[in-house]
Structure formats: C-alpha cells, structure tokens
Amino acid sequence: MSVQVELRVLELMAAKICHDLISPVGAIGNGLELMEDDDGETAKEALQLSQNCVRRASALLELFRMSYGTAGSDTSLGWDAAKALAGGFLAGTKMTLNWPALPPGVAPPPGAAKLLLNLVVLGADLLPRGGEIAVTALPGPRGTALKAVATGQDARISEDLTAVLKGTAAVPALTAKTVHGYFSQRLAESMGSRIELVGTASGSVTLGAQLPA
C-alpha cells in the first residue's frame, strides 16, 4: 500500500470518528451552558441530556478503540465484551441488537469478535430508519461463518459501499461514509477471509464472512 493510499485512509478514518463524536460532545457543551443559565427544571433536563451524551461518547470511544485499534485483534476481546460494545453503540438509536450467546464449549477464533463488531457498525449504516441487526457465528469444518443481517424499513446498501466491499472502488473515491467498509474488508482479508454481500431482500441486507479453521 502506497503512502498516499495510507494517508487517504487515515484521513477519512479520522474524519469519520470526529463526525460520529461531534454530536454527543457538542450536546454536552450545550447542556452545560443551559445549566449555567438556569437552576430549575431546565437545568435538570440539561443535566440528564449531558449525562446521556457522556454515555454515548464513551460508548463510541470504546467501540472505536476495539474496532480500529490493535485491541481486540486476538482473544483479548471476548464474545460478551464485544456484545456489550455493540449494544452500547446502538443504545439510544432506533436500532436493536440480536447477539445470541455462543453454544457451550464453542470458542470463536482470534479476532472473530472484532470482525463481527465491525459488521455491526456496517449494518447500522444500512438502516437509515432503524431496525434490527442480528449476528451469528457458526463453527464448521471449514472454519467459522460470521453473519450480520440488517432488517428494517428501507434497509439498503449503497452502490458506493457495495463497490468498496467488492474491491472495485478506488481509494481516492472513498468517503467518510464508506471508509469503514474499506477498513472492515482489509481487516477480514488480514484474517484470511472477505466480507461478502450474501444477499438482499425487501427490508433486509445480509453480510457474511468465512474465517478459516
């Protein structure tokens, strides 16, 4: 990968993180200003708003640390911890999470929880009007099959993101909206897999990846 490509991806990743964080952080500032100007019921509402936004910002930071950082690339990110991160990411949105427990005695391969966490973030981008993201991890003789199904009204995947996942989009054409898909695909490839658009139906989009044994 050339230096220009690396810089372009890093710039877009930084833009995405800042874009996602600016709303809750800005709302915290607004809430603090309201508390300074009012000591009655408005101040109580502003405090509640600020507390909610602090939780939202904290959830996003922890998600980004595990999704994009070196943490989570091995067994350090457990199944339940990844589920909690995904739940925190979707908390307060119009989306719900269906992340079942693993069967007894089943352990996902290293990095599986991190990749599935990235699939949840991808799934959230496919649900402009909310819905459900259901994930599964099924071990088999050829490895572990990961799947994320985004279901909801107007669930869809854009042509730009489809091109990114298929590897037909040039890096200069990436945007802050599609760079997560690019990163997730590179993460899957580093694990000997690829994220595939398994299928689309009315109100549903399915993404999957097969991790080798």
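Scroll up to find the structure this text is about.
The text that follows walks through the structure, step by step, so that each part is easy to find. (Residues numbered from 1 in each chain as written. Predicted model: local features only at pLDDT ≥ 70, side-chain atom pairs only at ≥ 80, totals over all residues. Heavy atoms only, no water.)

**Side note on the overall build of the protein chain**
Then step 1. Along the backbone of the protein chain there are 6 helices and 5 strands.
Then step 2. Against the globule reference of 17 Å for 213 residues, the protein chain gives a C-alpha radius of gyration of 18 Å, in line with a compact fold.
Then step 3. Referenced to the eigenvectors of the C-alpha coordinate spread, the extents of the protein chain come out at roughly 65 × 45 × 35 Å.
Then step 4. Within the protein chain, the proportion of its 213 residues that are buried is 42%.
Then step 5. For the protein chain, the accessible surface area stands at approximately 11,200 Å², while carbon and sulfur atoms represent 57% of it.
Then step 6. Positive and negative side-chain charges of the protein chain, numbering 17 and 20 respectively, have mean locations separated by a distance of 10 Å. (Helix = DSSP H or I, 4+ residues; strand = E, 2+ residues; numbered from the N terminus. Rg over C-alpha atoms; globule rule 2.2 N^0.38 Å. Buried < 20%, exposed > 50% of the residue type's maximum accessible area, 1.4 Å probe, protein only. Areas by Shrake-Rupley, 256 points an atom, 1.4 Å probe, with all protein chains shown as cover. Lys, Arg positive; Asp, Glu negative; His and termini not counted. Charge placed at Lys NZ, Arg CZ, Asp CG, Glu CD.)

**Remarks on the pattern of salt bridges**
Then step 1. Counted by the stated rule, this structure contains 5 salt bridges.
Then step 2. Two residues, Glu 189 and Arg 194, come together in a salt bridge whose shortest N-O distance is 2.4 Å.
Then step 3. Overall, the relative accessible area of 27% leaves Arg 194 in the partly exposed class.
Then step 4. Linked by salt bridges that have partners in common, Arg 186, Glu 189 and Arg 194 make up one network. (Salt bridge = Lys/Arg side-chain N within 4 Å of Asp/Glu carboxyl O.)

**Topic: the packing of aromatic side chains**
Then step 1. Applying the stated criterion across every chain yields a total of 3 aromatic pairs.
Then step 2. Seen in terms of ring centroids, Tyr 68 and Phe 183 are 5.1 Å apart; in terms of plane orientation they differ by 85°. Their pairing is edge-to-face. Residue Tyr 68 is found in helix H2 (residues 41–68), and its partner Phe 183 is found in helix H6 (residues 179–190); the two are separated by 115 residues along the sequence.
Then step 3. Looking at Tyr 68, the relative accessible area reads 16%, which means it is buried.
Then step 4. An aromatic cluster is present here, built from Phe 64, Tyr 68 and Phe 183 joined pairwise through their rings.
Then step 5. A cation over a ring is seen here: Arg 186 above Tyr 182, with NZ or CZ 4.5 Å from the ring centre. (Phe/Tyr/Trp six-rings, centres within 6.5 Å; stacked < 30°, edge-to-face > 60°. Lys NZ or Arg CZ within 6 Å of the ring centre and 35° of its normal.)

**Observations concerning the side chain of Thr 178**
Then step 1. Tracing the chain through its elements places Thr 178 in the loop between helix H5 (159–166) and H6.
Then step 2. A polar atom in the side chain of Thr 178 sits 3.0 Å from the backbone nitrogen of Thr 175.
Then step 3. In this structure, Thr 178 is in contact with Asp 160, Leu 161 and Val 164, ignoring residues within four places of it in sequence. (Polar contact = N/O pair within 3.5 Å; in protein donor to acceptor, adjacent residues only side chain to side chain. Contact = heavy atoms within 4.5 Å.)

**Quick word on the sheet that holds strand S5 (residues 204–212)**
Then step 1. Spatial ordering of the open sheet is given by S1-S2-S3-S5-S4, a layout of 5 strands whose pairing is mixed. Since the sheet does not close on itself, it has two edges, and those belong to strand S1 (95–98) and strand S4 (195–201), each with one partner. Direction aside, neighbouring strands of the sheet carry axes that sit 20° apart on average.
Then step 2. Packing of helix H4 (residues 112–125) onto the sheet brings it into contact with S1, strand S2 (131–140), strand S3 (143–151), S4 and S5, and relative to S3 it is tilted by some 20°. (Pairing = 2+ DSSP bridges. Axes fitted to C-alpha atoms, helices over the stretch in contact; angles between N-to-C directions.)

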